[in-house]
Amino acid sequence: MSESKKSQQTQLVQTDYRAPGGFAALQTGIHYASTVVFENVAAMHGTRWQQKSGYTYGLHGTPTTFTLEGRLAEIEGGKHCVLAPSGLSALSLVNFAFLKSGDHMLIPDNAYSPGRDLGIWLQRDYGIAVDFYDPMVGAGIAELIRPNTRLIWTEAPGSISLEIPDLPAICAAARARGVPVALDNTWSAGLAVRAFDLGVDIVTHALTKYQSGGADVLMGAVITCDDKLNEKLELAHMHLGLGVSVDDSYLVLRSLATMKLRYEAHDASARKIANWFTRRPEATAVLHPALPNCPGHEHWKRDFTGAGGLFSVIFDTRYTEAQTDRFVDSLRLFKIGYSWGGANSLCVPYRMQHIRKAWPHKGNLVRFNIGLEDTDDLIADIEQALKTLG
Ligand SMILES: *Cc1c(COP(=O)(O)O)cnc(C)c1O
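Cut-off values and rules
Residues numbered from 1 in each chain as written. Predicted model: local features only at pLDDT ≥ 70, side-chain atom pairs only at ≥ 80, totals over all residues. Heavy atoms only, no water. Near = heavy atom within 4 Å. Polar contact = N/O pair within 3.5 Å; in protein donor to acceptor, adjacent residues only side chain to side chain. Areas by Shrake-Rupley, 256 points an atom, 1.4 Å probe, with all protein chains shown as cover. Nonpolar A, V, L, I, M, F, W, Y, C, P; charged D, E, K, R; others polar. Buried < 20%, exposed > 50% of the residue type's maximum accessible area, 1.4 Å probe, protein only. Helix = DSSP H or I, 4+ residues; strand = E, 2+ residues; numbered from the N terminus. Pairing = 2+ DSSP bridges. Axes fitted to C-alpha atoms, helices over the stretch in contact; angles between N-to-C directions. Left-handed = near helix turned anticlockwise from the far one by under 90°. Contact = heavy atoms within 4.5 Å. Domains from an automatic or database assignment. Buried area = accessible area lost by both parts, 1.4 Å probe. Salt bridge = Lys/Arg side-chain N within 4 Å of Asp/Glu carboxyl O. Bend = angle between axes of the 7 residues up to and from the residue.

J.: Help me understand the site of the ligand in this model?
T.: Taken together, Ser86, Gly87, Leu88, Tyr112, Glu155, Asp184, Thr186, Ala206, Thr208, Lys209, Leu218 and Trp340 make up all the residues around the ligand. Within the side chain of Thr208, a nitrogen or oxygen atom sits 2.5 Å from an oxygen atom of the ligand. Contact between the ligand and Lys209: an oxygen atom at 2.5 Å from a side-chain N or O atom of the residue. About the coverage of the ligand: the protein hides 91% of its 380 Å² of free accessible area. Partitioned by chemical class, the residues of the shell around the ligand number five nonpolar, four polar and three charged.

J.: When you look at the pairing of strand E8 (residues 283-287) in this model, what are you seeing that I'm missing?
T.: Burial runs high along E8: four of the five residues are buried. Direction of pairing for E8 relative to strand E9 (residues 310-315): antiparallel, over a ladder of four bridges. Residue Ala285 lies in a different strand from E9, and its bridge partner there is Ile314.

J.: Explain the packing of helix H3 (residues 63-76) against helix H8 (residues 246-278) to me, please; I cannot follow it from the model alone.
T.: Any two packed helices are characterised by the angle at which their axes cross and by the distance between the axes. Orientation of H3 relative to H8, taken along the N-to-C sense of each, is 35 degrees, at an axis distance of 9 Å. Taken as a pair, H3 and H8 cross one another with a handedness that is left-handed. Along the contact surface, H3 presents Thr64, Thr65, Thr67, Leu68, Arg71, Leu72 and Ile75, while H8 presents Val246, Ser249, Tyr250, Val252, Leu253 and Leu256.

J.: Would you take a moment to explain the sheet that holds strand E3 (residues 129-133) for this structure?
T.: As a general point, the strands of a sheet are linked pairwise by backbone hydrogen bonds and lie either parallel or antiparallel. Across the sheet, which stays open at both edges, the seven strands sit in the order E1-E7-E6-E5-E4-E2-E3 with mixed pairing between neighbours. On the outer flanks of this sheet lie strand E1 (80-84) and E3, each paired with one strand and no other. Along the sheet, successive strands turn relative to each other by an average axial angle of 20 degrees, direction set aside. As paired elements, E1 and strand E7 (residues 220-224) share five bridges and run antiparallel to each other. Residue pairing across strands places Cys81 opposite Ile223, the latter belonging to E7.

J.: Can you help me understand the domain arrangement of the protein chain in this one?
T.: Accessible area lost during the coming together of the parts is what is often quoted as the interface size. Per the domain assignment, the segments making up the protein chain are domain 1 (62-253) and domain 2 (259-389). Using C-alpha coordinates to define each centre, domain 1 is positioned 25 Å away from domain 2. Across the contact, 34 residues belong to domain 1 and 37 residues belong to domain 2. When the two sides are added together, the surface that domain 1 and domain 2 hide from each other amounts to roughly 3000 Å², 64% of it contributed by carbon and sulfur. Summed over the three residues of domain 1 that lose the most area to domain 2, namely Ile160, Trp187 and Tyr210, the buried surface amounts to 27% of that side. Inspection of the region where domain 1 meets domain 2 yields three salt bridges. For Arg356, the salt bridge identified is with Asp109, shortest N-O distance 3.1 Å. Summed over the shared surface of domain 1 and domain 2, the number is 13 residue pairs in polar contact (both at pLDDT 80 or more). Elements represented by at least two residues in the side of domain 1 that touches domain 2 include exactly helix H5 (113-126) and helix H6 (167-176). Its residues assigned to classes, the side of domain 1 that touches domain 2 shows 19 nonpolar, 10 polar and five charged.

J.: Any chance you could explain H8 here in plain terms?
T.: One turn of an α-helix holds 3.6 residues; hence residues three or four places apart share an orientation. At Thr258, H8 is deflected by roughly 60 degrees, the largest bend along its length. With a side-chain oxygen lying 3.2 Å from the backbone nitrogen of Asp247, the N-terminal cap of H8 falls on Ser245.

J.: Can you help me understand the environment of Thr56 in this one?
T.: Here Thr56 is to be found in the loop between helix H2 (41-46) and H3. Looking at Thr56, the relative accessible area reads 16%, which means it is buried. Those residues in contact with Thr56, other than ones at most four positions away along the chain, are Val36, Phe38, Thr47, Arg48 and Trp49.

Below is the structure:
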């Protein structure tokens, strides 16, 4: 039908205009789509959603989301990547992909709390046995593996208590029994450790943190090197109907270029402030993987090249919870809020007795996320707030 024969109403829906080809820009385009159109029926029937060489439906990928997946796999040294709507849904995706009723999984006792709670839920309502293990267990993990163990979670470090596990030892023991190891690698941003080289099979990220860098996007990713593991992930991803917004994908893509610079800036500032804290009489311990007294410091030194912006302080037992809460309330530059990886410094008091099975410290714990403000200004802010402790 020629252009002139079309009614205005049809013109409003369909156009004969074609933008010229050959456009090239530095950033990936944002492709909005639920429906993806095919050249003909044969092309439609010839394209399978599992193959990321083509497009079938918006939920299964657009050039925008494929590009983000490809770039994340590349950064991590992996082969496959799937995106999830949050870091937590990346964790649940892995559980759905590899576990069924009657199976057993191992989760470190210092794991990200909502991921830990997810394990408890799967145990209570879905017939999956879960054991929480000491994150410093190392090769001792072998004794915890059962004939029906199908997944071992690791996290490096625990994002509140900051222990770095012996990943190669855990991975070797798991491999000997044919059990895949998943690492929540959010803390390293995929920059500070080569997880697959250490023997990890599945890497998850909360892209919400350093990859986004803006404290404004929620997204997660699961990365693997293995085609078979990826097949299971793709299948669970499809059945669960997980998709991410292309606008959000664009924001993450845009932030990748600056991620290493930001990570190194967070790292340098956090190390300086953590060191400063070790000389303060109010603190009985400073938990930061680069500090020699931090559990797993030797693993960090061996396996990692950076440390990001997190550390926790254990306050002297002479301070009550009300006092350390008041300290947090008295901070001006540090905002009170969950998450990390954005430009703003954040601070959260955690009640560890309710989080950990075995926790050696008696004093109250406050976790700091060091943002990109000037380091000395942040120290001055902490110093003025410490005065409220009395
Ligand atoms: C934040 C975080 C998650 C969850 O990410 P969301 O996008 O907030 O759901 C998972 N694991 C770790 C270690 C995290 O820090």
